[in-house]
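# Coordinate inspection notes
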Amino acid sequence: MCGIAGIIANNAKNYQDNIQKMTDAIAHRGPDSAQLEFYENAALGHRRLSIIDLSENGKQPMFSNTQKECIVLNGEIYGYQTLKNEYSEYPYHGSSDTEVILAMYQRKQEKLIHDLPGMFAFALWDEEKQQLFCARDRFGEKPFFYAIGPNNEFIFASEIKAILASGLIRPKVNNDALAHYLQYGYVSSYQSIYSNIYTLPPAHQLTWKDGKASVSRYYSIPAKDRNLSLSDAKEEFIYLLKNAVKKQLIADVEVGSFLSGGLDSSSIVALVAEFLPKQTTISFGYDHESSELKYAKEIADKYQTNHIEVHEKKQDLADSLLKISPFFDEPFADISFIPHYEICRNAKKSLTVVLSGDVGDELFGGYDFYRVENILRNHFSYKNIIAKFGLKLYQNLKQVSFVTQKNLEHNSILDFHQNFVRNSFNKEEQRALGILSDYQQPYSFNPDPHSLNDIMRVDLEGYVPANMMVKSDRMAMANSLEVRTPFLDIDFAEFCIQLPEQLKLTNDNDKIILREAMGSYWTETIRKRHKQGFGMSVKSWFEEDNLMNLSNDLLKNPDQKVFNYIDFNTTQKFLNKDHRHWNLLQLALWAHNNQNIL
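A brief structural summary. The written sequence of each chain sets the order in which its residues are numbered from 1. pLDDT decides what is reported in this predicted model: residues at 70 or higher carry local features, side-chain atom pairs at 80 or more are listed and counted, and totals for whole chains, interfaces and linings draw on all residues regardless. The side-chain numbers reported here are obtained from all heavy atoms of the structure, hydrogens and water having been left aside.

## Side note on the packing of aromatic side chains
The criterion for an aromatic pair is that two Phe, Tyr or Trp rings (for Trp, the six-membered ring) have centres within 6.5 Å, with stacked assigned to planes under 30 degrees apart, edge-to-face to planes over 60 apart and tilted to the rest. Tallying each qualifying case throughout the model produces 32 aromatic pairs. A centroid spacing of 5.5 Å and a plane angle of 10° characterise the contact between Phe 144 and Phe 156, whose relative ring orientation is stacked. Of this pair, Phe 144 sits in the loop between strand 7 (131-136) and strand 8 (145-148) while Phe 156 sits in strand 9 (residues 154-157); the two residues are twelve residues apart in sequence, bridging distant segments of the chain. Of the two residues examined, Phe 144 and Phe 156, each falls in the buried class. Arranged with centres 6.3 Å apart and planes meeting at 40°, the rings of Phe 154 and Phe 156 form a pair that is tilted. Considered together, Phe 154 and Phe 156 belong to a single accessibility category, that of buried residues. Clustering of aromatic rings is evident, with ring pairs tying together Phe 144, Tyr 146, Phe 154, Phe 156, Tyr 198 and Trp 208. Whether a charge lies above a ring is judged from NZ of Lys or CZ of Arg, which has to be within 6 Å of the ring centre and within 35 degrees of the ring normal. Note that Arg 422 overlies the ring of Tyr 463, its terminal NZ or CZ placed 3.5 Å from the centroid. For the purposes of this entry, the term helix denotes a DSSP run of H or I that reaches at least four residues, the term strand denotes a run of E that reaches at least two, and both are numbered from the N terminus. For every residue, the accessible area (1.4 Å probe, protein chains only) is compared with the maximum for its type, and the residue is labelled buried under 20%, exposed over 50%, or partly exposed between those bounds.

Written out as structure tokens, the structure is:
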């Protein structure tokens, strides 16, 4: 895991100071070493977190055997040993996964991307073609940002802060991204918060040649469901997940696991135990009645892991926010990022690589709102114009149920999902705040508005890369820690995406395929568990005086930078110690952190 940066421009050595500042800005992503390499028209920079091939042979930027190509890679190519055998004609210099991409490029050029597994963001300079080829992994696990400089320089990096550190870009705030943030609490994976700094979306490739960028999608998630029986699905599920875990355990350092005590992380830990004689697990919990620490300990005891518990300590939330939020570079309102930072910080004390149980809910149907959506579409009024007309009249006389109310408000479960679930500010409230944009993210498929599987696909292309993977990457890298996500193994994820809905959830049950396939690996208590959030409620956080003082400083002073973008008077109406208040606080904190450049 690393940080990458580069500037493609004539007389690239003239940009040595610029690219040095870029790599310095992301030193946390790779504290083990720093390296710059130059061609006449390309400057490449790298910060290294040593995980595979710890020797000098694994350092980057990495030249090919001919010196005509050079690559910088952030990420891991899972199963690279098999690929190495398939490209055995290449004269390998070391044993790193990075070198395999150079071997693949020499044979297949840009087409290599279709055969490349893993989590990655890379840039490969071809000296003969005078071309930069870049790509980002299928599910957006690793970030890639770029911008065009004043003299048509192509500037790229793992984080926005590195692009800003180049001194070549004066950022401009993106109102479309602001609208998306206010609605969902995160910036879309197709945009950045700045209109002149771009993100390469997941599953896309980019070529920079002759002073022009060409961006295209190289992968689309499977859009059709398979017809599978439960028994056949269980067998394939376990086989593919074991294979995913096995591949992601490859490293020249110890690999541990996050363990929340939930179904997903318990499954990962159970399968790791089949490949490692002893593993380290780490759990984070708040010391209150609903803490998950006791569940995590059950699994740790069952598999006799070296278990580390991180207990919440009374902390200054304002100080935590001021310390942690700059790592995001953009406004980010997921309330679990503080505990996530803390578990990563503590994991780094004994580990460099950790497996995570993230994305199980999106693949197996684990969120409660998926179950609610299933109930919504089975309601007698769903898609029934006459029933809806009658219910609209009836609700004027008597209060109706939540399901009835939402069926009247939304024309489909997809509409409900996109405009109610995880929403902070609706369009009318955004307009009141002064944000008039109406940005809609594109998808690689045309969602069926009545399909639960398509809603999960929407989450895999929207929420997962822009929220979950951003949180995972930035909080881990802030602590120089690599987090791997076995559930996003391409073969396993594709299998789960295509599973029939009835193997994922019903009105009464969730994660059916996971429970059926992995139940015997858990304890009885774990088997009975359902989804539990990570952390405490926003309302309880706003009870802290220090957080309210920070909120007052940032949101009750009309001279604060954030009010260059949203209306001060309207903002005051939303400061009710709830999720919308938290959303606005994170936006104001981002503006405060970046006030010198905005």
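## Describing the nonpolar core
Residues enter a nonpolar core if they are buried and are Ala, Val, Leu, Ile, Met, Phe, Trp, Tyr or Cys, with the set joined through side-chain atoms within 4.5 Å. Ranked by size, the top nonpolar core spans 183 residues in total, and within it Leu 116, Phe 122, Phe 237, Leu 363 and Trp 582 carry the most contacts. Among the elements that line this core, the one with the most residues is helix 18 (residues 463-477), at nine residues. Among the nonpolar cores identified, the runner-up in size contains 19 residues, and Ala 123, Phe 144, Leu 200 and Trp 208 belong to it.

## Topic: the side chain of Arg 474
Along the chain, Arg 474 turns up in helix 18. Its relative accessible area of 5% is what places Arg 474 among the buried residues. Think of a polar contact as two N or O atoms within 3.5 Å of one another; within protein, one of them needs to be a possible hydrogen donor and the other a possible acceptor, and neighboring residues in sequence only count if both atoms come from side chains. Here the side chain of Arg 474 touches Asp 473 through a polar contact of 2.9 Å, side chain to side chain. Contacts are assigned to residue pairs that have any heavy atoms within 4.5 Å of one another. Each residue touching Arg 474, except ones within four places of it in the same chain, is listed here: Pro 143, Phe 145, Glu 159, Phe 327 and Phe 328.

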